[in-house]
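Listed here are the chains, written in short residue letters.
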Amino acid sequence: MGTSVNIIVGSHVWVEDPTHAWIDGQVTKINGEDVEIQTDDGNKVVGKLSKLYPKDMEAPAGGVDDMTKLSYLHEPGVLQNLKIRYELNEIYTYTGNILIAINPFQRLPHLYDAHMMHQYKGAPFGELSPHVFAVADVSYRAMVNEGKSNSILVSGESGAGKTETTKMLMQYLAYLGGRVATEGRTVEQQVLESNPVLEAFGNAKTVRNNNSSRFGKFVEIQFDKHGRISGAAIRTYLLERSRVCQINDPERNYHCFYLLCAAPQEEIEKYKLGNPKSFHYLNQSNCFELVEINEARDYLATRRAMDIVGISKNEQEAIFRVIAAILHLGNIDFSKGKEIDSSVPKDDKSKFHLKMTAELLMCDSVALEDALIKRVMITPEEVIKRSLDPHNAAISRDGLAKTIYSRLFDWLVDKINSSIGQDPHSKCLIGVLDIYGFESFKHNSFEQFCINFTNEKLQQHFNQHVFKMEQEEYTKEKIDWSYIEFVDNQDVLDLIEKKPGGIIALLDEACMFPKSTHETFANKLYQTFKTHKRFIKPKLSRTDFIISHYAGEVQYMSDQFLDKNKDYVVPEHQDLLSASKCSFVAGLFPPIPEETNKSSNKSSKFSSIGSRFKLQLQSLMETLNATEPHYIRCVKPNNQLKPAIFENANIMQQLRCGGVLEAIRISCAGYPTRRPFFEFINRFGILAPEALEGNYDEKVACRKILEKKGLKGYQIGITKVFLRAGQMAELDARRAEVLANAAKAIQRRIRTHIARKHFIALREASIFVQALCRGSLASKHFAGMKREAAAIKIEKNVRRYQFWKAYRKLWASMIVLQTGLRAMDARKKFRFRKQTKAATIIQARWRCHRASSYYKKLKRGTIVAQCRWRGRIAKRELRKLKQAARDTGALKEAKDKLEKQLEELTWRLQLEKRLRTDLEEAKAQEIAKLQNSVEALQNKVDETNALLVKEKEAARKAIEEAPPVIKETEIIVEDTKKVESLTAEVDSLKSLLQSEKQQCEELERKYAESEDCSEERRKKLEEMEKKAHLFQESMSRLEEKLANLESENKVLRQQAVSMAPNKILSGRSKSNIQRGGEGGHMFGDTRTPPDLHSPSMSHRDLSEIEDKPQKSLNEKQQEHQELLIRCIGQHLGFAGDRPIAACIIYKCLLQWRSFEVERTSVFDRIIQTVGHAIETQDNNEVLAYWLSNASTLLLLLQRTLKASGATGMAPIRRRSSSASLFGKMSHSFRGSPQGVNLSFANGGLSGGVETLRQVEAKYPALLFKQQLTAYVEKIYGMIRDNLKKEISPLLGLCIQAPRTSRASLVKGTRSVANTAAQQALIAHWQGIVKSLGNFLNTLKANHVPPFLVRKVFTQIFSFINVQLFNSLLLRRECCSFSNGEYVKAGLAELENWCSTATDEYAGSSWDELKHIRQAIGFLVIHQKPKKTLDEISHQLCPVLSIQQLYRISTMYWDDKYGTHSVSPDVISSMRVSMTEDNHTVSNSFLLDDDSSIPFSVDDISKSMEQIDINDIEAPAVIRENSGFSFLLPRTD
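Attention here is on the structure that accompanies the text. (Residues numbered from 1 in each chain as written. Predicted model: local features only at pLDDT ≥ 70, side-chain atom pairs only at ≥ 80, totals over all residues. Heavy atoms only, no water.)

With that settled, consider the nonpolar core. The biggest cluster of nonpolar side chains holds 243 residues, and the ones touching the most others in it are Phe201, Phe257, Tyr405, Ile632, Leu1390 and Trp1393. For this core, the element with the most residues is helix H42 (residues 1346-1370), which contributes 15 residues. Contact partners of Ile632, with chain neighbours within four places excluded, come to Leu99, Ala101, Val132, Val135, Ile152, Leu153, Val154, Ser155, Thr165 and Leu169. Phe218, Ile547, Tyr550 and Ile609 belong to the second-largest nonpolar core, a separate cluster that totals 51 residues. (Core = buried A, V, L, I, M, F, W, Y, C linked by side-chain atoms within 4.5 Å. Buried < 20%, exposed > 50% of the residue type's maximum accessible area, 1.4 Å probe, protein only. Helix = DSSP H or I, 4+ residues; strand = E, 2+ residues; numbered from the N terminus. Contact = heavy atoms within 4.5 Å.)

Moving on, we come to helix H44 (residues 1410-1420). Among the 11 residues that make up H44, 8 are buried, leaving the element largely enclosed by the rest of the structure. Of all the positions in H44, only His1411, Ile1412, Gln1414, Ala1415, Ile1416, Phe1418, Leu1419 and Val1420 are classed as buried. Contacts made by the buried residues of H44 are with H42, helix H43 (1377-1402), helix H45 (1429-1436) and helix H46 (1442-1451).

Here the idea is simple: oppositely charged side chains can pair when their charged atoms come close. The tally for this structure, following the rule as stated, stands at 35 salt bridges. Arg85 is the partner of Glu90 in a salt bridge, and the nearest nitrogen-oxygen pair spans 3.5 Å. A residue is classified by how much of its surface remains accessible, and Glu90, at 11% relative accessible area, is buried. Between Arg243 and Glu251 there is a salt bridge, with its nearest N and O atoms 2.9 Å apart. Look at Arg243 and you get buried, because its relative accessible area is 1%. A relative accessible area of 7% means that Glu251 is categorised as buried. A single salt-bridge network, built from bridges that share partners, covers Arg214, Glu240, Arg243, Glu251 and Glu439. (Salt bridge = Lys/Arg side-chain N within 4 Å of Asp/Glu carboxyl O.)

In this section: the packing of helix H25 (residues 677-684) against helix H27 (residues 727-961). It is the contact of H25 with H27, at a shortest axis distance of 10 Å, that shows an interaxial angle of 40 degrees. Taken together, H25 and H27 sit at an angle that is classed as oblique. Between H25, through Phe680, Arg683 and Phe684, and H27, the contact on the second element is made entirely by Met728, Leu731, Asp732 and Arg735. Of the residues in the contact of H25 with H27, the class split is 4 nonpolar, no polar and 3 charged. (Axes fitted to C-alpha atoms, helices over the stretch in contact; angles between N-to-C directions. Parallel < 35°, antiparallel > 145°, perpendicular 65-115°, else oblique. Nonpolar A, V, L, I, M, F, W, Y, C, P; charged D, E, K, R; others polar.)

Bringing a positive patch on the surface into the picture now. Taken together, the side chains of Arg872, Lys875, Arg876, Arg879 and Lys880 present a region of like positive charge at the surface. Relative to the helices and strands, Lys875 resides in helix H27. For Lys875, a relative accessible area of 56% translates into the label exposed. (Patch = residues over 30% accessible without salt bridge, like charges linked within 9 Å, V, L, I, M, F, W, Y side chains within 5 Å. Areas by Shrake-Rupley, 256 points an atom, 1.4 Å probe, with all protein chains shown as cover. Lys, Arg positive; Asp, Glu negative; His and termini not counted. Charge placed at Lys NZ, Arg CZ, Asp CG, Glu CD.)

Take unusual backbone geometry next. For the bond running from Asp249 to Pro250, omega is 10 degrees, close enough to zero to count as cis. Of note in this structure, Lys272 is not a glycine but carries a positive phi near 55 degrees. Considering the arrangement of structural elements, one finds Lys272 in the loop between helix H8 (265-271) and helix H9 (295-308). Within the chain, Ala644 stands out as a residue other than glycine whose phi angle is a positive 65 degrees. Residue position: Ala644 is located in the loop between strand E21 (628-635) and helix H23 (648-657).

Let us now look at the pairing of strand E6 (residues 92-95). Neither face of E6 is exposed, since Tyr92 and Tyr94 on one face and Thr93 and Thr95 on the opposite face are all buried. The pairing of E6 with strand E7 (residues 98-102) spans 4 bridges and is antiparallel. For Thr95, the partnering residue across the bridge sits in E7 and is Ile98. From the end of E6 to the start of E7, which pair antiparallel, there are 2 residues, and Gly96 there has a positive phi angle of about 70 degrees. (Pairing = 2+ DSSP bridges.)

On to empty space enclosed by the protein, then. Across all of its chains, the model carries 16 cavities of 30 Å³ or more by this definition. Its boundaries defined by the atoms lining it, the largest cavity holds a volume of some 400 Å³. Along the wall of the largest cavity there are 34 residues; nearest its centre are Gly156, Glu157, Tyr436, Gly437 and Phe438. Those elements giving two or more residues to the lining of the largest cavity turn out to be strand E8 (150-155), strand E10 (212-213), strand E17 (428-435), helix H14 (446-477), E21 and H23. In terms of residue count, H23 provides more of the lining of the largest cavity than any other element does, 5 residues in total. Looking at the lining of the largest cavity residue by residue, the class counts come to 15 nonpolar, 14 polar and 5 charged. (1 Å grid on protein atoms, 1.4 Å probe; cavity = no way out; pocket = protein on both sides within 12 Å on 5 of 7 lines; lining within 4 Å. Points joined across faces, edges and corners; volume = space filled by probe spheres on them.)

Here you go:
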């Protein structure tokens, strides 16, 4: 604190102002005790010298983060520091270890994200900027390390941000504790979800706030022995019970009453409610509604909140039924009864409310009436019933209402705790206390008395903690502090609570006497405390009294003290409600044990709210005393609840009520000013420059400075200088004198310099004037000479012009004459030439036409002849090509026939069998039919012969019997006709028989031919059956092998499913044999399949093919795979810059044609080998080796493989068989024998990758490529993260220069020791450079592609940029001039490394440091106040955002030269820009680290050069195996 002797004319001071609390100005005149001050706004004020406080003109522009660092620790200094930081959105400030949090009334997401939590995790308290996370972290660390419970006391008036602060505390504790969310909700979420319920039943409108908490809440976050959150609980204290029955205007009762009155209509009708004005407990105040508050909507929100915390629908209905009952209970009025001192319900309205109360509480209305107006007195002789007068009946009614509401509130808290889940076995906890703050209104009653009593208790606890912290600071610094006295507030507490003479005891005594009034109570107070220094009797009131609290004097009105303090415990109320038919109401009033009941009957039934309040407060203090306290004081900057408004008077009142100013007063009683040695020397070294010569000890130098100035009472600790109040101002005054003398010396020298400069300028001006005069005379003489020469020249030119004009006239005439003659001659020559040219053109056109016609005929004939000749040649070539195509395609066709022949022969066999059966049946039917026809014809012939014989016999008999004379009669004629007809019929029958015989012979001939044909078919069929039998046996063997393979594959697939997730890539077994065509593709030894239809194919050849040793072939394949896997599992090294393992793998897979098969296990085994190799994540050598191999192999696959549906193959597939000769040839190579395949592999690889054919890859190959890509990205990320881990500890040391580097620069000279210190300082940066160099050497040694190396270092430098830049913005001590020079020197080391590494490997890494480079450039640039915002944002720091520039500008401080940051106009412009961009730009000024993979497979393919794998020498392990002969160099 300053003293009057230190204030002189010209001093900058703070003067008290009724509007702004404090204003600053400069002293212009001192007249005794009166001082005239010129304020900054131009006004002049007069103040008392003793009430002025010095202003620190060298305070940092952005304020200090800990107000104990202020040079002048007084009210205006504290207020100005908070205001400066609030304008910079620095809402948190320390006062020692007390955190002051000012509500910004806007979202600042950058302050509470995961990055910020990570920054504060484990950081020492005070190292980073003030934050609520720092308080939570230090309490958590203390709990874990010391095993002691901690508490965090969050205080402040409503609207100051206590709930949000509590939320952030629990969020950070959950981040540290890390318990998994229960049913999707974390502990802090469950606690916060209970807030709407507690606010509805525990908050009310007061004079100052519309949502003031009228109870104290202590949230316990419980932890297990491992430091993890195991549960939580909410403890409530000091509920303001008297508010239920009595409220003052313009306050309101608890919110729940008004919410219920705004409930839906059916509920209002059910509870018989109405307007709040109709209820006595609500209409004592004229305030029924709140502005911009919808009670009906809040009612539904409260019901939803009850659902969330686990309160059932029935319980909710019972709760609001009790609330409605309290409202009806308050409307029961009483009047005098018939008997003396008796009472009855006043009227029908009171009886209605009595009945409704009984119905809602589900008890008997008569019993309720008796409980309200009668009392039972038990004496040893008898039980006496006594009636109550109307006044006492009303008191009984109010007591019942308060008791019911208090029990209901306690039940809600218990229900919420059971929903959250407590841990009864928890040993440690962190408690967060949220309680009402100090209150001082125009009219203060019993409620304010209790609240301020609570705050006095908490302030005593707070003072003890501050005193303890002061003791610890002094003890740590080993200074003598025994004589320092700290003023405590115990006298105020004794005044209020001491027995038997305290205010509460006197109030209880007055309440126990029926005839006591507030006047008698006030007089008792006046008599008892008339000499107490904290008790004051007002002059204008007979019943009020004033108590001088720590936060100021408060005048209390004792009018309603007695009524509000009475809280009767009536057994009749207990018995009535415990017998309620409603289980919920009965549960609120459980039966009292018999002993307790008897004792309560014997003792007095009176119980005071003040006494109960004191007991609860004592319980709270016991809880707090059992924990290690931490304090957060929340401040509301304005009553408009809007951002960027800072009301000085309002905040000063809150600081006073919050005890912050009391803590400052305690600090001022000791040593309020504490400065580290280096800061003290930086500021006051000029007072004793001789103490800083050479190598000096800082402590000794500080002592010499103080002794030289003759100060007394200071203390010098281990690291700090401790000054008494006023000594800092005295030193500043002495320093100002030294600086003033120095300024005068500088002014004297400057004035001398200016005078000499003026003389020199005057002399130079005289010489210049003389030179001008002489020059003017010479100029005039020269002008005369010049005029004479000009006249001569003019005469000469005039004469020359006249002669030239005559000559031109004669010359023009001659030209006209010559032109006419020459034109006549030219026209004649032109006509002749025109005629000659026309004749020549006609001749040329005719000759051209004749020659052209002859040429066209000759050309036509030649073309016809050439076409015919070429056609003949082409036909010959076509025949040859077709023959060649057939020859080359025969192998493929034979192969295709071999694959289908078994099926075709089987079908033919069945067809032949069916034909033979049908033929035999048809033949048998035809023979039977013919035989039947022959038999029928034979029968007809026999019948005709028999008839003919009969006719002959009849004719013969007729002739014999006839008379000798033959007479012609009709009968004879008829007989002859009959014979003739019979003869004709016989002839016809013979001819028919003959034709039938011919048909029969024809049929027999056909039958013989069919039998011959059937015999031939039978022979062929027998041959086909033999062939089919052979193929069927071969097919059965193949099916048997296929079944074995299927069963084995099924077992292996089941094994793969049961394997661990990290073995998924290698799920197939080593014994899994390649299917289908891979058996022939593995080693390239396929043969052209024999044509089974060929006549030269014998049974011996078929048996040789079928008995081929398939088993040995599969075993050989597995051996080769095993050998390859075993080989690549070793470190094969490099051939030049090519990794051998990748080239060997690629050549083997290409040779074995593994890319073209549907199923194979070799890919999985390769991936498994790579996965096992990189399990050791810390071995960068192994990771770099496999990154080089994996990226090279991926490059080869990228340039070789193509998907089976690629567009490049589409045109070949669409061509016809006759037109795709080259397609057939290339396709036939795939099935060619071993010799052809080997010649292609050895000959085709000689030209590198470009000359290799693209392979149409199947699914396993494409999957292998994807897996390989994933491994390249994984290995890249592991390498990058390893380097980040290695340099992260060093980065924390590189952002801030040690203090010795700044303290040694006070005089601007450096000693040898300082030079050595600088070398030691840069060692951290050199450590980073060394790590980068070693890492680069590792990557180079393993030939990692430069593209990937550049990407690694680009991301590493981006990481360095993010870490350094964020630390710079988060820690104000880093934003200094000397620290900028230190970081700049380190960045120069990184730049030197980038130039040494060259662009091939470093790439654009240096550009990634643009944020920190520009920020450091801003720190070290001179003359910052002269820079405009445009220059800063577009020239100096174009990359930085306005938010970042604003933060750096406001946090900057010059610890070396004492210069200032940018001008206030620039700061204002930045603030305006941020306000305008607030809706579009994020408020976060921190950078995010990018951990993504910054490349794709195509990027790798484009960046890497061609790789020639032909001359790669195979390792000795596989070079000796004949199966890998294709890897050996080819010998011609």
